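# Working through the structure, step by step
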Amino acid sequence: KINSGSKEMNEDIKKALDHFQKMEYKEALEIFERLLEEEENAGLLNNIGTCYFKLGNLDKALEFYQRGLRADRELKQLYKNISDIYVEKGDVMSAIGILQDAVSAMPDEDYLRYALAKLYIKDCHQDIAVDELQKILDHNPDNLEAKYELAKIYYDEGSYDEAAEYYESISEKLENADIFFWLGESYAAAGNLDKAIFAYLRSISKNEMYYPSYKKLGLCYMAQDDKDSAAEFFEDYLQFDTPDVKEREEIEKILEKLKS
């Protein structure tokens, strides 16, 4: 956020943001730095830092982000931006540290806690990430981002029932092919083929071009010894360009056996 000033200043801000949106970072930077000479505030410092970040000058970006924090300790975007700089520099521990400080100062800011959880995941500390994500849900039970990350963690850890629970919860609010696909994957891994099939079918109903679900449906029906349904979905899958030569040959052999 940038404090509004004169009409001319507001017009310059709009021009700078327009340059930024067009990825013309040098042009945006020139305007932001000129405005900084008239009025220094955390919003301008943050935008200047981000321009330097986009231009690949990490040290200058960090300098302006830190100046921004000195101007306004409650501008949450600055903490995330500083952590991003440390990640780019390969210093994940410092990135985690700045976000830990931010979360301690602003415990109800889900944005910061989510960013911290993502860093824990990146640093292979899934157990701590789960704790942070659960705290977000304690504060905001409808936070879909937190539920999605929890679902992915539980799936990767082999806790398929828990993963399915979170994917199911997400699908009630956000109906899209990818969510239904991973719901199907969770149910299939848990051995619940009926629910897996229903989820894969819902995936296709949202996007008939979502090709992975066709193959999975073929495998599920084959496991249930429903040869006709399995063959139908394998054939549908082969209509896409995705299968490579080896996979196509393998599925064609399966189809021969299903139809024999």
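Residues numbered from 1 in each chain as written. Predicted model: local features only at pLDDT ≥ 70, side-chain atom pairs only at ≥ 80, totals over all residues. Heavy atoms only, no water.

## With respect to the overall build of the protein chain
Heads up, the rule is: Numbering of helices and strands starts at the N terminus; helices are DSSP runs of H or I of at least 4 residues and strands are runs of E of at least 2. It is over C-alpha atoms that the radius of gyration is taken, and the globule rule equals 2.2 Å times the number of residues to the power 0.38. For each residue, the accessible area found with a 1.4 Å probe, counting protein chains only, is set against the maximum for its type, and the residue is called buried under 20%, exposed over 50%, and partly exposed in between. Only heavy atoms matter for contacts: two residues are in contact if any of them lie within 4.5 Å across the pair. With residues, only the protein chains shown are counted as cover, and all accessible areas are computed by Shrake-Rupley using a 1.4 Å probe. Working convention for charge: Lys and Arg count positive, Asp and Glu count negative, and His plus the chain ends are omitted. The location of each charge is read from NZ of Lys, CZ of Arg, CG of Asp or CD of Glu.
Helix and strand content of the protein chain: 15 helices and 0 strands. Relative to the globule expectation of 18 Å for 260 residues, the C-alpha radius of gyration of the protein chain, 25 Å, shows a markedly less compact shape. Oriented by its inertia axes, the alpha-carbon framework of the protein chain measures out at about 80 × 35 × 35 Å. Across the 260 residues that make up the protein chain, the buried fraction comes to 44%. Considering only contacts in the protein chain between residues 6 or more positions apart, those separated by 24 or more positions represent 40%. With the model as given, the accessible surface of the protein chain reaches about 14300 Å², and the carbon-plus-sulfur share is 45%. Charged side chains of the protein chain number 33 positive and 56 negative; the gap between the two group centres comes to 3 Å.

## Focus on the pattern of salt bridges
Condition: Each reported salt bridge corresponds to a side-chain nitrogen of Lys or Arg within 4 Å of a carboxyl oxygen of Asp or Glu.
Taken as a whole, this structure holds 15 salt bridges when the rule is applied. Its salt-bridge partner being E109, residue K76 comes within 3.2 Å of it at the nearest N-O pair. Of this pair, K76 sits in helix α5 (residues 76-88) while E109 is found in the loop between α6 (92-105) and α7 (110-122), placing the two residues 33 residues apart along the sequence. Since its relative accessible area comes to 27%, E109 is described here as partly exposed. Notably, a salt bridge pairs K206 with E175, separated by 2.7 Å at the nearest N-O pair. Separated by 31 residues along the polypeptide, K206 in helix α12 (residues 193-206) and E175 in the loop between α10 (160-173) and α11 (177-189) bring together distant segments of the chain. Owing to a relative accessible area of 46%, E175 belongs among the partly exposed residues under this scheme. Several salt bridges converge on common partners, so that one network encompasses K118, E149 and K152.

## With respect to the side chain of N46
Tracing the sequence through the fold places N46 in helix α3 (residues 42-54). Judged by relative accessible area, N46 falls into the buried class, the value being 9%.

## Examining the packing of helix α9 (residues 144-156) against α10
The following threshold applies: Where helices are involved, their axes are fitted lines through C-alpha atoms of the stretch in contact, as for all axes, and angles between N-to-C directions lie from 0 to 180°. Throughout this description, any angle smaller than 35 degrees is read as roughly parallel, any larger than 145 degrees as roughly antiparallel, any in the 65 to 115 degree range as roughly perpendicular, and the remainder as oblique. Definitions for this section: a left-handed crossing has its near helix turned counterclockwise from the far helix by less than a right angle. A right-handed crossing has that turn clockwise. Residue type decides the class: Asp, Glu, Lys and Arg count as charged, Ala, Val, Leu, Ile, Met, Phe, Trp, Tyr, Cys and Pro as nonpolar, and the leftover types, Gly among them, as polar.
Where α9 meets α10, the axes come as close as 8 Å, and the angle between the chain directions of the two elements is 155 degrees. Of the possible angle classes, the one that applies to α9 and α10 is roughly antiparallel. Considering how the two elements wind past one another, α9 and α10 form a crossing that is left-handed. Along the contact surface, α9 presents L144, K147, Y148, L150, A151, K152, Y154 and Y155, while α10 presents Y160, E162, A163, Y166, Y167, S169, I170 and K173. Grouping the amino acids of the contact of α9 with α10 by side-chain chemistry returns 11 nonpolar, 1 polar and 4 charged.

## A few points about α12
Selection criterion: Expected helix span is given by 1.5 Å per residue-to-residue step, counting one fewer step than there are residues. Comment: arc refers to directions from the helix axis out to C-beta atoms.
Compared with the 20 Å implied by 1.5 Å per residue over 14 residues, the 20 Å span of α12 between its first and last C-alpha is a close match. Within the span of α12, buried status applies to A196, I197, A199, Y200, S203 and I204. In a view along the axis of α12, the buried residues occupy a sector of 165 degrees, so they form one face of it. Away from the buried face of α12 by more than 90 degrees, exposed residues D194, F198 and S205 are located. Buried residues belonging to α12 abut α11, α13 (212-223) and α14 (227-238).

## What to know about the nonpolar core
Heads up, the condition is: What we call a nonpolar core is a set of buried Ala, Val, Leu, Ile, Met, Phe, Trp, Tyr and Cys residues that are connected through their side-chain atoms within 4.5 Å.
With 86 residues, the main nonpolar core has Y79, L99 and L133 as its most contacted residues. Among residues more than four places away in sequence, those in contact with L99 are Y79, K80, S83, L112, A115, L116 and L119.

## Examining unusual backbone geometry
Here the phi dihedral of M23 falls at roughly 65 degrees; this positive angle occurs in a residue that is not glycine. Position of M23 among the secondary structure elements: in the loop between α1 (7-21) and α2 (25-38). A positive phi angle, close to 65 degrees, is found at C124, a residue other than glycine. When its relative accessible area of 62% is taken as the criterion, C124 is described as exposed.

## Some thoughts on the layout of surface pockets
Cut-off, in case you're wondering: Only protein atoms enter the 1 Å grid used here. Points where a 1.4 Å probe fits but cannot escape make up a cavity, open sets with protein on both sides within 12 Å along at least five of seven lines make up a pocket, and a residue lines them when an atom lies within 4 Å of a point. Grid points are joined across faces, edges and corners, and a volume is the space filled by probe spheres set on the points.
A volume near 180 Å³ is recorded for the largest pocket. Around the largest pocket, the lining residues are F53, K80, S83, D84, V87, E88, L99, Y114, A115, K118, L119 and K122. Broken down by secondary-structure element, the contributors of at least two residues to the lining of the largest pocket are α5 and α7. Here the residues of the lining of the largest pocket are counted per class, giving 6 nonpolar, 1 polar and 5 charged.

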